[in-house]
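Survey of secondary and tertiary structure
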Amino acid sequence: MTIDLLNRSQALIVSQAGIHQTPRRVPKQNSSGAPSTLAFRKAYFPDAAVREWNDWRWQSRNRFRTFEQLDRVLVLSETERGALTEGGTMLPIGITPYYMSLLDPNDPDQPLRRTVIPTTSEFQRAPGEADDPLGEDGHSPVPGLVHRYPDRVLLLALDFCSTYCRYCTRSRVVGHGEIMASEDRLEKAFDYIRRNPQIRDVLVSGGDPLALSDEKLDWILGRLSEIPHIQFIRIGTKMPAVLPQRITPALCKTLRRHHPLWMSIHFLHPSECTPESVRACSRLANAGLPLGAQIVLLKGVNDSVEVMTDLCHRLLMMRVRPYYLYQCDPISGSSHFRTPVSKGLEIIQGMRGHTTGYAVPTFVIDAPGGGGKIPLLPEYYLGRDGDDVLLRNFEGDTYRYPDTAVE
Ligand SMILES: *Cc1c(COP(=O)(O)O)cnc(C)c1O
């Protein structure tokens, strides 16, 4: 056991060395994946064939869900152990063997580990936190459909994820068995969309819609594209990061039948950009899906200009365009993840102009109470001086723009 752990940490050190120096090209892709992944499979699933390990259904079946299972592969800290044995967290635990293979067994502060292993900090409720801070339930005309913006809706396809993020914005919903992918419920949602012709864009999320079978997804996407006023559909998922094995050629064949189809992928940290994840995104991009990344800004995970820039550079190499950087929602029990708003602004300021514009996401706060996403920018607009607009550039110098055009 000790030897296994040692080997694994060494493998991790190898695979994470130079993590903040983005490689010039995407790492070479092979079917067995990163060295750490391989070592983990050999240590903890010695009977699993490579074929099984690479099978997303096997990965789903073998998820880590209990204290005993986690205790076998991680040296648990006091606060992790407390959270796992006292229970009381409302969010279930689930981690795919693949994602577990990316965790550091000895370091509870490793960024990825912090995001999936609960700690007793989850039991603390800070001022301003709530179970449904975005007021999604209040904007829900039928169960699992959120209609906040006039022209687009969010459809929760199911409440299941293969891996649960500890800062989940829908922790009140996920894993509770209330939002099921039943035809009955979904038909009600389709009906609502059909009766509201101002809806032109449907975002299918959850839970993770890619946890559904290809057939079920095909049916949902087909029913939505039949609706004449739906111009395009997007899918929100974390699968390419937590279970890249889900992105099979068969899935891609199903998805490409429903173009224009876009995908928003949840990524957090450069160490998620493994050869497996690179391959998954490559398959999706080759199937013609424009890929965007949704990143949540988390304390001790990705809250620096260096880590965020490295992540966004890697994403661009994977043909994933950083879309939103979210301020962490005031979800109950998430204060240990929250950064001050100034941190997000500092990161954007450290990126804009200093690197490729495509690499810079839009920093947003999803307004508590249901106000929607509100973008924030560092102060580039300094005001006016007569006809001139005063502007600050990325290096902090002031420039004038003669704003003399008339309406
Ligand atoms: C984020 C979100 C959308 C999509 O917003 P975009 O800015 O168009 O990406 C739609 N509905 C809800 C409820 C959302 O939270």
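Everything discussed here concerns the structure shown above.
As a starting point, this report considers the structure included with it. Within each chain, residues carry numbers counting from 1 in the order of the written sequence. Where local features are concerned, this predicted model is filtered to residues with pLDDT of at least 70; where side-chain atom pairs are given and counted, the filter is 80 or more; whole-chain, interface and lining totals use all residues. Hydrogens and water are ignored here; the side-chain numbers use all heavy atoms of the structure.

This next bit is on the site of the ligand. Being near a molecule or strand, for a residue, comes down to having at least one heavy atom within 4 Å of it. Neighbouring residues of the ligand: Val146, Arg148, Tyr149, Arg152, Leu154, Leu203, Arg234, Tyr323, Tyr324 and Lys373. Here a polar contact means two N or O atoms within 3.5 Å. Within protein one must be a hydrogen donor candidate and the other an acceptor candidate, and residues neighboring in sequence count only if both atoms are side-chain atoms. Tyr323 has a polar side-chain atom sitting 2.6 Å from an oxygen atom of the ligand. The side chain of Lys373 places a nitrogen or oxygen atom 3.1 Å from an oxygen atom of the ligand. Each accessible area is a Shrake-Rupley estimate made with a 1.4 Å probe; only the visible protein chains count as cover when residues are assessed. Protein chains shield 92% of the accessible area of the ligand, which is 390 Å² for the free molecule.

What follows covers the environment of Asp387. What counts as a helix is a DSSP run of H or I of at least four residues, what counts as a strand is a run of E of at least two, and both are numbered from the N terminus. Here Asp387 lies in the loop between strand S10 (381–385) and strand S11 (388–392). Sequence spacing of Asp387 and Tyr401 is 14 residues, and the spatial spacing of their C-alpha atoms is 8.4 Å. Two residues form a contact once any of their heavy atoms are found within 4.5 Å. Non-local contacts of Asp387, meaning those with residues more than four positions away in its chain, are made with Tyr401, Pro402, Asp403 and Thr404.

This part is about the environment of Val173. By the element assignment, Val173 lies in the loop between strand S2 (152–156) and helix H9 (183–195). Those residues within four positions of Val173 in sequence are excluded, and the remaining contacts are Asp159 and Ile179.

Two strands pair if DSSP finds at least two bridges between them. Pairing of strand S7 (residues 320–327) with strand S8 (residues 362–367), which is carried by three bridges, proceeds in the parallel orientation. Across the sheet, the residue bridging to Tyr326 is Val364, located in S8. The handedness rule is simple: strands pointing away from the viewer, and a clockwise path from the first strand over the helix to the second, make the crossover right-handed. In terms of handedness, the path from S7 via helix H15 (residues 341–351) over to S8 forms a crossover that is right-handed. When S8 meets strand S9 (residues 372–375), the two strands line up antiparallel, connected through four bridges. Bridge pairing links Asp366 to Lys373 in S9. In this structure, the hairpin formed by S8 and S9 is closed by a connection of four residues, where Gly369 is found at a positive phi of approximately 95°.

Let us look at helix H6 (residues 78–86). Remark: exposure states derive from per-residue accessible area (1.4 Å probe, protein chains only) relative to the maximum for the residue type, with buried under 20%, exposed over 50%, and partly exposed in between. Listed as buried for H6 are Glu80, Gly82, Ala83 and Leu84. A positive phi of about 70° marks Gly87, the residue just after H6.

With that out of the way, let us pick up the sheet that holds S10. The strand order across the open sheet built from three strands is S10-S11-S12, with neighbouring strands paired in antiparallel fashion. The open sheet has two edge strands with one neighbour each: S10 and strand S12 (398–402). For this sheet, the mean inter-axis angle between neighbouring strands, taken without regard to orientation, is 25°. Bridge count between S10 and S11: four bridges; the pairing is antiparallel. Its bridge partner lying in S11, Gly383 is registered against Leu390. What counts as an axis is a line fitted to C-alpha atoms, over the stretch in contact for a helix, and the angles between N-to-C directions run from 0 to 180 degrees.

Interpretation note: all reported values are geometric properties and have no functional meaning in isolation.
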